[in-house]
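# Remarks on the overall topology
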There are 2 protein chains.
Amino acid sequence: MTKTTASKPTAIKQAPSQAKPGDRVRVSTAVESTEGILLPRPALLEQDVTILKLDSGYNVGINNQQIKKIEKIGAGVALEAFPSLKLQQKKDLPAVALIATGGTISSRLDYQTGGVKWLMEPGQLFALVPEIAELVRFKEIRTPFLKSSEDMVPEDWQVIAKHCVELLNDKDISGVIVTHGTDTLHFTAAALSMMLKNLSKPVVLTYSQRSTDRASTDTVLNLKSACRMAVSDIAEVMLVGHGSSDDTHCLAMRGTKVRKMHTSRRDAFRPINETPLARISSDGKIEVLNKTAKKRAVNSARVALANGFDGRVAIIKYYPGCCPTIIDHYVKQGYKGIVLESVGLGHVAGHDSQNSWMKALREAIANGVVVCATAQTIYGRLNPLVYSTGRELRKLGVVYLQDMLTEVAYVKLCWVLSHAKKPEEAKKMMLENVAGEINDRLDYKTFLV
Amino acid sequence: MTKTTASKPTAIKQAPSQAKPGDRVRVSTAVESTEGILLPRPALLEQDVTILKLDSGYNVGINNQQIKKIEKIGAGVALEAFPSLKLQQKKDLPAVALIATGGTISSRLDYQTGGVKWLMEPGQLFALVPEIAELVRFKEIRTPFLKSSEDMVPEDWQVIAKHCVELLNDKDISGVIVTHGTDTLHFTAAALSMMLKNLSKPVVLTYSQRSTDRASTDTVLNLKSACRMAVSDIAEVMLVGHGSSDDTHCLAMRGTKVRKMHTSRRDAFRPINETPLARISSDGKIEVLNKTAKKRAVNSARVALANGFDGRVAIIKYYPGCCPTIIDHYVKQGYKGIVLESVGLGHVAGHDSQNSWMKALREAIANGVVVCATAQTIYGRLNPLVYSTGRELRKLGVVYLQDMLTEVAYVKLCWVLSHAKKPEEAKKMMLENVAGEINDRLDYKTFLV
């Protein structure tokens, strides 16, 4: 838990003032004056902005270049790491549950230490985004663990899934929201998609690319949209986040057809090879975009947990010159599955004399390893039938995973291998659609959306 | 050389006719009649289309559903694998050279065997795309080898570079065109970008996603646009291909900022983190889009070959649960460089107790291995300073490659390690811009273009 979102607080350098963080100040530009509590500059990405906490609870960033004057107009206040608002929850609103797992959305600068504090109770959430108290009632907030998502391991997915099942089977709860770091969020979305059976309510994963300390934070719209989808009519595991670089709308994307496609943009998560489930406007309107979206069911069977992950699976990304001894390495280590991120329509070197990929793959498969192919192009579908290399790989027993994402294929293969008794059964299961991870028909308009 | 683009020729099943491949036929729909030589159905993707070779040399595909009648109107002809047109080359046109290396663009169904024949002489090229004889004069066509691009290895890149240098230093030649398979084309583009020094003329790589036997072939516009760019004023290594799914225009993309992003679309190659160099309309108009495009220079120094690749470099794609023993594996095998395709802004598990990535990376770096980080999001720039995991990895000595693509980083690290004397020198070289592989300022509009 040593992750921090910022360097230690330092005095404002560029702003022409003696005001210190915690002081109540008035910041004047040529156009307007703004009053609020001066905050420390939190993120290294926003060194050129002075940030104020307004009386509404929101933070605002003002470009240092435009600031004419900063006046201290009030005494210093102790900056709480996580101010908590004691808002009354409205009993007539539909109930949701929140599982906070860490990540930027659950973290906030501790103004005293420069480290991070994690979100622990509903009042803190309301302080971040007060409007959500008008949308839903938080019946329960759980924090099974708090970690950065790059530190997540498959065991964590199982813990989250277990909590989801418990909460979803509470008849009072309309849907579950999971807040999560962005780095590996799409892996977790795929894992929950595999593990939650008889799903009749929404499971909404959401995130923040920019922390709440930053003027450009995406937490507000993402969290509001997640609340709206959690009480919507779509009963799927979905990821909800910014649909564009501005604050006009969010998208709800199927948990098995989504991927982080940009390091820093707020709309980093994109639907891959599929139309998004729904569009959530900033005014709250939900437009269902995908006809295959599963509907909420009332009085349906209880949600069940199809648990189990076999971690003896590796992703191998192929490249020219890639030595096939990497296959032998995993076979020797007792691995049971390999996701081969191939080039083109599903190829690796097929006719090489020095580096015999065909030989290495044949031996791995003979050893009972399930080898599946995905596309490193990300978009599109594999086709082993067009070229002889593909036909030969298919003949060896490589399973061609259609348009399934590499990340989803990895999660699914871990999951399948913990359930299948034999490699042949696992191969068959990999090609059966569990949660929309295979799209039989690709809409041409789903490229680079 | 066993690659084929199709199954063995079979008789037309659906078309209501006794005509055989090779017969001269008239195909009638409700709207029109078309005359030509009936071709075998070549590609598995186009089973529902009847393909005719017109007298112009082009193939046309007619939907079987719409065909009312197929009449045999002439005797059968022997179907040549590669019909050659004896077009007169125009002496007043600017001269280009072509290096054919294989791939779909250089291959064509052999109607006798069902296998593939490779392109060998200019007349065959003119038979495919007769108009190119009006655009440029082919002074020389070389075929150093013919292979599918998934079979290419770094040694092949050096052979292509050697031929490029020889041809570029012929004063009569305005530019060089390289035809290549699509699977690993972006790797070759990056390799030529690193190896060709003092470039004063265009080096244009082009491809075909759909073979010339198919009605939807992209060969015509790609090859015409490549010819146009080869005699243009832009002196860079560039990849030229379809800009959209229709035939309106091609894009010229910098060799270090391009990636195959779709398995099958004709516009599969997309610019990443950068504005394309130019747009080539189907009518031949070239619009320069990127101000940083380097201009053709006359009477400049000779092009030099900065040869050398050290193949002891691996790409490791990180995922939750990925075991760091993979690092040890490569260190033990004597590898000198690792490109770590990281999650988020440049992270791997930082605070794990079981799988110590930090420990494995520290040991690798202590062993002299150069470890570089790239982003598996593909788009965007790394930033190790925002979170503590990034700061710790940077402190260990991991080199953060800004917005450089993983594929380019791999090619560059192979190249750098063959030139640098010490790891520290290699690390420094990795962050020096050799051929536009690092973009200091990312235009917001370059996401998902």
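Values in this document were obtained by computation on a predicted structure and should not be read as measured data.

The subject of this paragraph is the overall build of chain A. Counting its regular elements, chain A contains nine helices and 23 strands. Out of the 449 residues in chain A, the part that is buried amounts to 55%. Of all intrachain contacts in chain A linking residues separated by at least 6 positions in sequence, the fraction that spans at least 24 positions is 72%.

If you rotate chain B by 180° and push it 0.0 Å along the axis, it lands on chain A with an RMSD of 0.2 Å. What the rotation and shift describe, once combined, is the action of a two-fold rotation axis. Among all residues of chain B, the minimum C-alpha distance to the rotation axis is found for B:Leu448, at 2.5 Å. Comparing interface residues between copies, 100% of those in chain B also lie at the interface in chain A; the contact surface is shared.

Residue and element names in this part refer to chain A. Judged by pairing direction, the sheet is mixed, and its eight strands sit side by side in the order S9-S6-S10-S12-S13-S14-S17-S18 without closing on themselves. A strand with exactly one partner marks an edge of an open sheet, and here the two such strands are strand S9 (137–142) and strand S18 (286–288). The mean angle between the axes of side-by-side strands here comes to 25°, regardless of whether they run parallel or antiparallel. With five bridges connecting them, strand S13 (residues 237–242) and strand S14 (residues 249–254) associate as antiparallel partners. Bridged to Gly241 within S14 is Leu251. Contacting strand S12 (203–206) and S13, helix H3 (residues 185–195) crosses the sheet at an angle of about 155° to S13. Contacts from helix H4 (residues 219–230) reach strand S6 (95–100), strand S10 (173–179), S12, S13, S14, strand S17 (278–281) and S18 within the one sheet, and its direction differs from that of S13 by about 150°.

This part takes up the domain arrangement of chain A. All names here are of chain A. By the assigned domains, chain A splits into domain 1 (1–79), domain 2 (95–305) and domain 3 (313–430). Measuring from the centre of the C-alpha atoms in domain 2 to the corresponding centre in domain 3 gives 32 Å. Tallying the contact residues gives ten residues for domain 2 and ten residues for domain 3. A total of five residues in the side of domain 2 that touches domain 3 trace back to one element, the largest contributor, which is H3.

With that settled, the discussion passes to the nonpolar core. Side chains of a nonpolar character, in soluble globular proteins, are inclined to be buried together. Residues A:Val176, B:Val96 and B:Val176 are the most contacted members of the largest nonpolar core, which totals 246 residues. Within the second largest apolar cluster, twelve residues are counted, among which are B:Val25, B:Val27, B:Ile37 and B:Ile62.

Moving on: the sheet that holds strand S13 (residues 237–242) of chain B. Residue and element names in this part refer to chain B. Strands sit in the order S9-S6-S10-S12-S13-S14-S17-S18 across an open sheet of eight strands; the sheet is mixed. Both outer strands of the open sheet, strand S9 (137–142) and strand S18 (286–288), are each paired with one neighbouring strand and no more. The average angle at which neighbouring strand axes cross in this sheet is 25°, direction not considered. Inspection of the sheet shows strand S6 (residues 95–100) paired to strand S10 (residues 173–179) by six bridges, in the parallel sense. Pairing of Leu98 across the sheet is with Ile177, part of S10. Packing against the sheet, helix H3 (residues 185–195) makes contact with strand S12 (203–206) and S13, and its axis sits at approximately 155° to S13. Across the face of the sheet, helix H4 (residues 219–230) comes into contact with S6, S10, S12, S13, strand S14 (249–254), strand S17 (278–281) and S18 while running at roughly 150° to S13.

Cut-offs applied
- Residues numbered from 1 in each chain as written.
- Chains lettered and ligands numbered in written order.
- Predicted model: local features only at pLDDT ≥ 70, side-chain atom pairs only at ≥ 80, totals over all residues.
- Helix = DSSP H or I, 4+ residues; strand = E, 2+ residues; numbered from the N terminus.
- Buried ≥ 20, exposed ≤ 12 C-beta atoms within 10 Å, placed from the backbone.
- Contact = placed C-beta atoms within 7 Å.
- Least-squares fit on C-alpha atoms with pLDDT ≥ 70 in both.
- Pairing = 2+ DSSP bridges.
- Axes fitted to C-alpha atoms, helices over the stretch in contact; angles between N-to-C directions.
- Domains from an automatic or database assignment.
- Core = buried A, V, L, I, M, F, W, Y, C linked by C-beta atoms within 7 Å.

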